[in-house]
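If you want the building blocks of each chain, they are given just below.
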Amino acid sequence: MTEKPSTNYVLIVDDDEEDVFALKWALDRSLAQMDAVHIDDGADALDFLLSMTEVRELPDLVILDINMPGVDGYETLAAIRASDITAHIPVLMFSTSDSAQEIKKSYLSGANAHLVKPNSIRGLQLVAESVSQFWLNTAALPNKQ
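Residues numbered from 1 in each chain as written. Predicted model: local features only at pLDDT ≥ 70, side-chain atom pairs only at ≥ 80, totals over all residues. Heavy atoms only, no water.

A. Highlighting the packing of aromatic side chains. As enumerated under the stated definition, the model contains two aromatic pairs in all. Residues Tyr9 and Phe48 carry aromatic rings whose centres are separated by 6.5 Å and whose planes lie at 75° to one another, so their mutual orientation is edge-to-face. Within this pair, whereas Tyr9 is found in strand β1 (residues 9–13), its partner Phe48 is found in helix α2 (residues 42–50), the two being separated by 39 residues in sequence. Assessed through its relative accessible area of 1%, Tyr9 is described here as buried. By relative accessible area, which is 1% here, Phe48 ends up buried. Measuring from centroid to centroid gives 5.0 Å for Phe134 and Trp135, while their planes differ by 90°, and the two rings are edge-to-face. A cation over an aromatic ring shows up here: Lys105 above the ring of Tyr74, its NZ or CZ 4.3 Å from the ring centre. (Phe/Tyr/Trp six-rings, centres within 6.5 Å; stacked < 30°, edge-to-face > 60°. Helix = DSSP H or I, 4+ residues; strand = E, 2+ residues; numbered from the N terminus. Buried < 20%, exposed > 50% of the residue type's maximum accessible area, 1.4 Å probe, protein only. Lys NZ or Arg CZ within 6 Å of the ring centre and 35° of its normal.)

Structure representation (structure tokens):
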């Protein structure tokens, strides 16, 4: 099981190691006081989230890949939204697809945003900076106390 960090953190749920490495690299450059925790499977991510005994242990934000084997991103999102423990956590769907149908499904499923994975490291850095600026520096998030 993944260790819970002692500070604020972003949970990345994605089965593609290269995407995760690049996203963590980009987030490291934009999130000065934020850790990034990675889980590569939707079922394990749900186990991790639902094992939290206190609200302050939960991530501030979840970045969730859609296409994963087993429990996919939409199923994971549905379970996050169905739990009183995790329903308030902002969830950003992260996909290579920019299809209107998939974007609409993300929002109808309860996502706070649908992000298209860029195909360059610079593009990923810009996405990470935007996520950091808006979700962690601008938006008012639920209190974790």
